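As a plain string of letters, each chain reads:
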Amino acid sequence: MHPTRPARQFRAPGRLNIIGEHVDYCGGLVLPAAIDRGCTVSAACNDDQMLRVTSPFGKAELGWRSFSRSGDWRDYVGGMAFVLARELGPGARKGLDISIASDVPVGAGLSSSAALELGIALALWHHWSKAPPDRHLLVQLANEVENVFVGAPCGVMDQYASAFGRAGHALLVDCAAMDHTDVPLPQEAAFVIIDTGVRHTNATSAYGERRRDCETATARLGAASLRDIADGQGLAALSVLDGNPARRARHVVSEIGRTRAAVQALLAADLSALGALMNQSHASLRDDMEVSCPELDRVQAIAVATPGVLGARMMGGGFGGTVIALAHRQDAARAGADAARAWARETGTDHGFHVCTASDGARACPA
Ligand code: GLA
């Protein structure tokens, strides 16, 4: 038996992304929101120099002075502990008894991993530092954990949204400046997530290839980033490119433009305009970025054909996962149920749907 003290609880949400897909790693603009599903982490000091962790995926005992890769969920927790201890500098670190629970479905494109990273990060910070948490630092560290310790070459969008989400708002995140503006969501707008139920195994390597294509395009253009092209000459600059780099860059530059337009549509409460932009985003992700798959294309088509849906697109990294659809609030639950049922009729399995509420970012739960 290990003596434990009272536990403190922390909660970090998953995220949806309205628009701005596959642009975060090009310094682009993204428009995510934290959602009402998340990861809850309870942590209490123990008298040992280690983290005793209980999670839905299993139990582990982890340290923070070194890191060795396990290839599973432990890398998120152990990686976060290692980078945070490094960043907070030398000093006495307490061991903790940690328990993790999450209602973000894994692999569905709702960023269950960012929720886990931020939940753990806040819990460790609370016990290891007297200073208020530096959220920008936590986003950077969580992204390092993904890239270096887990080996997923993702951008910063998911961690950023989980850290900075605000109820009733989307975040316009500038991934070059690493800052954001809150964008109020119109009362009548609702976002419905429809899970394809499909997870393709090539997702991580294909994601990395897309990043490299974008880097090739950037180098050939002699630019610092595709964001600079989007802010400068725009699509016209891309005529010197060909092949995959040309298509990827066309997606990135056009998607950054659509993200700006989407903010204007939200501010004007013009949901038809926003829906049209989401449909265009899907076409660009399918044809130029080539990160969709037949199942995502089919669910997107089902969604846009469902009465009450104003637009839809694949969401997240792609190659499976979820579709996000826009509807008027009063239509959202029925439209989601209709679309999910139509997809279930084709596949024989009902993967359900979820009407999301834009929520606050990672936080300590009231004591
Ligand atoms: C995944 C990554 C994000 C982002 C999206 C695509 O969710 O984790 O950083 O690149 O794909 O927009």
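Above this note sits the structure.
Residues numbered from 1 in each chain as written. Predicted model: local features only at pLDDT ≥ 70, side-chain atom pairs only at ≥ 80, totals over all residues. Heavy atoms only, no water.

Participant: Can you help me understand the side chain of Asn-17 in this one?
Facilitator: Assignment of secondary structure puts Asn-17 in strand β1 (residues 8-17). A residue is classified by how much of its surface remains accessible, and Asn-17, at 0% relative accessible area, is buried. (Helix = DSSP H or I, 4+ residues; strand = E, 2+ residues; numbered from the N terminus. Buried < 20%, exposed > 50% of the residue type's maximum accessible area, 1.4 Å probe, protein only.)

Participant: I would appreciate a short explanation of the nonpolar core in the present structure.
Facilitator: As a rule of thumb, nonpolar side chains are buried together in soluble globular proteins. Among the nonpolar cores identified, the biggest contains 120 residues, and Leu-16, Leu-31, Leu-51, Ile-98 and Ile-100 are the most heavily contacted of them. With ten residues, the top contributor of residues to this core is helix α2 (residues 112-128). If we ignore the near neighbours within four places in the chain, the residues touching Leu-16 are Pro-32, Ala-33, Ile-35, Phe-191, Ile-193, Met-315, Ile-324 and Cys-356. (Core = buried A, V, L, I, M, F, W, Y, C linked by side-chain atoms within 4.5 Å. Contact = heavy atoms within 4.5 Å.)

Participant: Help me out: how do you make sense of the pattern of salt bridges in this one?
Facilitator: Pairs can form between side chains of opposite charge whenever their charged atoms are close. Inspection of the entire model under this criterion finds 24 salt bridges. For Arg-11, the salt bridge is made with Asp-103, and the minimal N-O distance between the two is 3.4 Å. Separated by 92 residues along the polypeptide, Arg-11 in strand β1 and Asp-103 in the loop between β6 (96-102) and α2 bring together distant segments of the chain. Between Asp-158 and Arg-15 there is a salt bridge, with the nearest N and O atoms lying 2.8 Å from each other. In this pair, Asp-158 is assigned in helix α4 (residues 157-164) and Arg-15 in strand β1, connecting sequence segments 143 residues apart. Several salt bridges share partner residues, and in doing so they unite Asp-174, Arg-227, Asp-231 and Arg-260 into one network. (Salt bridge = Lys/Arg side-chain N within 4 Å of Asp/Glu carboxyl O.)

Participant: Just to check I follow, could you spell out the sheet that holds strand β5 (residues 58-62) for this structure?
Facilitator: Working definition: the strands of a sheet are paired by backbone hydrogen bonds and lie parallel or antiparallel to each other. Taken in spatial order, the six strands line up as β5-β4-β6-β3-β1-β13 in an open sheet, and their pairing is mixed. The strands lining the two open edges of the sheet, one partner per strand, are β5 and β13 (363-364). Bridging between strand β3 (residues 32-45) and β6 involves seven bridges; their strand directions are antiparallel. Bridge pairing in β6 places Ala-44 opposite Asp-97. (Pairing = 2+ DSSP bridges.)

Participant: What am I meant to see in the side chain of Ser-111 here?
Facilitator: Within the secondary structure, Ser-111 sits in the loop between β6 and α2. When neighbours within four sequence positions are excluded, Ser-111 is seen to be in contact with Gly-14, Arg-15, Val-104 and Asp-158.

Participant: Would you mind going over the site of the ligand with me for this structure?
Facilitator: Lining the immediate surroundings of the ligand are Arg-15, Glu-21, His-22, Asp-24, Tyr-25, Cys-154, Gly-155, Met-157, Asp-158, Tyr-207, Gly-316 and Gly-317. The contact in question runs from an oxygen atom of the ligand to an N or O atom on the side chain of Glu-21, over 2.6 Å. Taking Tyr-207, its side chain carries an N or O atom lying 2.5 Å from an oxygen atom of the ligand. Within the complex, 92% of the 310 Å² of free accessible area of the ligand lies under protein. Grouping the amino acids of the shell around the ligand by side-chain chemistry returns four nonpolar, four polar and four charged. (Near = heavy atom within 4 Å. Polar contact = N/O pair within 3.5 Å; in protein donor to acceptor, adjacent residues only side chain to side chain. Areas by Shrake-Rupley, 256 points an atom, 1.4 Å probe, with all protein chains shown as cover. Nonpolar A, V, L, I, M, F, W, Y, C, P; charged D, E, K, R; others polar.)

Participant: Just checking my understanding: could you explain the pairing of strand β10 (residues 309-315) for this structure?
Facilitator: For a regular strand, the rule is simple: side chains alternate between the two faces of the sheet. With respect to burial, β10 is a largely interior element, six of its seven residues being buried. Looking at chain direction, β10 and strand β11 (residues 320-328) are connected through six bridges and run antiparallel. If you follow Arg-313 over to β11, its bridge partner there is Ile-324. Once β10 ends, the chain turns through four residues before running back antiparallel as β11, passing Gly-316 with a positive phi of about 90°.

Participant: Please clarify how the packing of helix α8 (residues 271-287) against helix α9 (residues 294-305) should be interpreted in this entry.
Facilitator: Relative placement of two packed helices is described by the angle separating their axes and the distance separating the axes. Interaxial distance between α8 and α9 falls to 12 Å at its minimum, and their mutual angle equals 165°. When the interaxial angle is binned, α8 and α9 end up roughly antiparallel. Seen along the crossing, α8 lies across α9 with a hand that is left-handed. Only Leu-296, Asp-297, Gln-300 and Val-304 of α9 make contact with α8, whose side of the interface consists of Asn-279, His-282 and Arg-286. Residues of the contact of α8 with α9, tallied by class, amount to two nonpolar, three polar and two charged. (Axes fitted to C-alpha atoms, helices over the stretch in contact; angles between N-to-C directions. Parallel < 35°, antiparallel > 145°, perpendicular 65-115°, else oblique. Left-handed = near helix turned anticlockwise from the far one by under 90°.)

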